[in-house]
Amino acid sequence: MPASAQTVSVSRGKTAIEHDLREYTPNNVDPSMSIYNAVLINELGGKSLAEYTNEYMKPYIEEYNAKQRRSDRMKSYDYASDYIEEQNNMQKSRQNYTAGQLAYEYVIQFGDHQTMDVNEVVKKPKLRKEVHAMFEEFIQSYQSSYPHMRIILATVHMDEPMGTPHMHILVQPIGEGYKQGLSHQVSLTKALACDGFERSEKKGDRLSMTRWQDDIKDNIMEPILKRHKYTRAYKDGEKQHLPVALYKRAMEEKDAIVEEAKVKAEQMVEKAREEVEELEEEKTYLINGNGKDSAYDMPFEDWSIADLKCEKDFLINGDPDFSGDIFRGVSELEEKHSELRADIKDLEQAKEEKTTEVASIEDKYSKMWDEYEALRDGYKDKDGRHILGYNELVQRHKELLQDPARLLETEEGQQVLEEAKEEIVETVQKNLVSNMLGFIKREIFDTLKEWLVEPIYRAIDEMMRGHWFQLNDNDKKILTGAIDRTVDRLVDRLDIGSKIEENMPSENQIEQEVQRIYRGHRR
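This is a predicted model, so every value here is computed, not measured.

A.B. asks: Please explain a negative patch on the surface as it appears in this structure.
C.D. replies: On the surface, a cluster of negative charge is contributed by Glu270, Glu274, Glu275, Glu277, Glu278 and Glu281. By secondary structure assignment, the location of glutamate 277 is in helix H8 (residues 244–288).

Shown next as structure tokens:
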């Protein structure tokens, strides 16, 4: 029988659809055991991952294209190819960027080879059925918990003798709610955020992917183990932790318990003090009594304080037996008094510890509040520079939006303006040289055509008038082409392009003109 305690595992694997569907037999597989494998989900239906993705995204592409008026803004129906190309380009252009995938594969496993040996599982029909049921329960819970991390293929493997029963799931992350482009897109980050695992920039927070995997283990796999009478074991180095919601609730309960303990401690201390005062009064009355005779035959432990007050005279006159009982009672009261003092001391110590704990919590809260105020209102860094707070940033952004021209006065705006200026200067110079050179060539060509080509046409027509030979359009094109090539050689030999560049406006002149236009636009 498998061990009563089992580990849970959610590990990232390489996408291998042929391996998952056993379209070939890997070296670590026993074919005789493959009859115990199972396909729980297969939305691919024989299609490739790219074909399936294109088919799934088609309604969203049609929805987007129906809203477009320009044909050049239409999206291609080959979504998979466009996505892969876009991701590869982003990986080339951005440092430390990891290209996204159309789908991600994970391996789900209960137990390990020592606690859930696959050879033992396949030999026992009842155990084999139970393991299959655990994976089916996983699928049901997963799909209701993470609708945007869609499982499109799920296969259970029980044919690897050196391993453990496990399940491969192929997950396609679909994010929604985009303001630009398709309403639904393949995106791991967006899909996780839609399912409640948003990316956190806070230092020390775990990655959204890690939090998602931990949530699967804590809220899906561990309850499945409990339903099948197993307890969860933790691997070496794996920390047991609370989900965020449970952690917050635990902290709230802790604060309530601390406050309740503080109140109870104060009540117990006050009660103990009252009992001590009462005992002090009893002791005083017993020793210094008020002079009345005793007429009580009841046991001493049943006497009230009022009864003790009546025994002063009787104690003074003396009754050895009775007075002996009285003084033994005093001794017992003193002993009880001592015990109560010890209890009070313990309670005061407990109160002091709780007070220290409360003070520590209040100190942490105060520091957190200071940090919040600094982020809200701004603060000074170690060099004395003022760092803008949230409120200042919001106000500044509002002001910028009210006067968009001020965007160009910011540091980022100046940088963009400087880059645009360089590009404008370069483009203006290049276009001026090209346009002026073309203009000169046309002038030379038109002049040669007027002085040389057209007289040649007229002379030949005069000479050949009445004869069978005449210049046709092709002959004229050949002659015109020769003139055109002559013009190019003439321009190159005279180095007209360099002379134009020498007389080009300087960068300063162009920049001054750009600034003049910009200032005129602002007015």
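A.B. asks: Where do I start with the packing of aromatic side chains in this structure?
C.D. replies: Aromatic ring pairs are defined here through the distance separating the ring centres and the angle between the ring planes. This structure, assessed with the given rule, holds 10 aromatic pairs. Ring centres of phenylalanine 110 and phenylalanine 135 lie 5.8 Å apart, and the angle between their planes is 55°; this geometry places the pair in the tilted category. With phenylalanine 110 in strand E4 (residues 104–110) and phenylalanine 135 in helix H5 (residues 125–145), this residue pair connects regions lying 25 residues apart in the sequence. Since its relative accessible area comes to 1%, phenylalanine 135 is described here as buried. These aromatic residues form a ring-pair network of at least three members: Tyr106, Phe138, Tyr142, Tyr146, Phe197 and Trp212. Note that lysine 190 overlies the ring of tyrosine 178, its terminal NZ or CZ placed 5.4 Å from the centroid.

A.B. asks: Help me understand helix H2 (residues 49–65), please; the structure alone is not making it clear to me.
C.D. replies: Owing to its 3.6 residues per turn, the α-helix aligns residues three or four sequence positions apart on the same side. For H2, which comprises 17 residues, the first-to-last C-alpha distance of 23 Å matches the rise-based estimate of 24 Å (1.5 Å per residue) to within 8%. Along H2, the sharpest change in direction is near 45° and occurs at lysine 58; proline proline 59 comes one to four residues later. If you check which residues of H2 are buried, you get Leu49, Tyr52, Thr53, Asn54, Met57, Tyr60, Ile61, Tyr64 and Asn65. Residues of H2 that are buried sit in contact with helix H1 (17–20), helix H3 (79–93), strand E5 (149–157), strand E6 (166–176) and strand E7 (184–186).

A.B. asks: Help me out: how do you make sense of the pairing of E4 in this one?
C.D. replies: Put simply, side chains in a regular strand alternate between the two faces of the sheet. Within E4, six of the seven residues are buried, which leaves it mostly tucked inside the rest of the structure. Looking at chain direction, strand E2 (residues 8–13) and E4 are connected through six bridges and run antiparallel. Bridging across to E4, valine 8 finds its partner in phenylalanine 110. Here E4 pairs with E6 via six bridges, running antiparallel. Each bridged residue has a counterpart across the sheet, and for valine 107 the counterpart in E6 is histidine 168.

A.B. asks: What is the right way to read unusual backbone geometry from this model?
C.D. replies: Most peptide bonds take the trans form, and the phi angle of most residues other than glycine is negative. The backbone of arginine 22 shows a phi angle near 55°, a positive value even though the residue is not glycine. Residue placement: arginine 22 occurs in the loop between H1 and strand E3 (38–42). Overall, arginine 22 belongs to the buried group, its relative accessible area being 18%. A positive phi angle, near 70°, is found at lysine 229, a position not held by glycine. Its location among the elements puts lysine 229 in the loop between helix H7 (208–227) and strand E8 (231–232).

Conventions we followed
Within each chain, residues carry numbers counting from 1 in the order of the written sequence. This being a predicted model, a pLDDT of at least 70 is required before a residue's local features are given, and a value of 80 or more before pairs of side-chain atoms are given or counted; all residues contribute to the totals for chains, interfaces and linings. Each side-chain value is worked out from all heavy atoms of the structure, with water and hydrogens disregarded. For patches, a residue must show more than 30% relative accessible area and have no salt bridge; joins then use 9 Å for like charges and 5 Å for nonpolar side chains, namely Val, Leu, Ile, Met, Phe, Trp and Tyr. Note that accessible areas follow from Shrake-Rupley with a 1.4 Å probe, and for residues the cover is restricted to the protein chains shown. For this document, the term salt bridge refers to a Lys or Arg side-chain nitrogen within 4 Å of an Asp or Glu carboxyl oxygen. Residues scored as charged are limited to Lys and Arg (positive) and Asp and Glu (negative), so that His and the chain ends carry no count. A charged residue contributes its charge at one atom only: NZ of Lys, CZ of Arg, CG of Asp or CD of Glu. Here a strand is any run of E in DSSP of at least two residues, a helix any run of H or I of at least four, and the numbering for each starts at the N terminus. Aromatic contacts are taken between Phe, Tyr and Trp rings whose centres are within 6.5 Å, Trp giving its six-membered ring; a plane angle under 30 degrees counts as stacked, one over 60 as edge-to-face, and the others as tilted. Think of it in three bands: residues with accessible area under 20% of the maximum for their type are buried, residues over 50% are exposed, and the middle band is partly exposed, with areas taken using a 1.4 Å probe on protein chains only. Consider the ring centre and the ring normal. A charge sits over the ring if Lys NZ or Arg CZ is within 6 Å of that centre and within 35 degrees of that normal. Helix span, as expected, comes to 1.5 Å for every residue beyond the first. Working definition for bend: take the seven residues up to and ending at a residue and the seven starting at it, fit an axis to each, and measure the angle between the axes. When checking whether two residues touch, look at their non-hydrogen atoms; a contact exists if any pair is within 4.5 Å. Pairing between strands requires that DSSP locate at least two bridges from one strand to the other.

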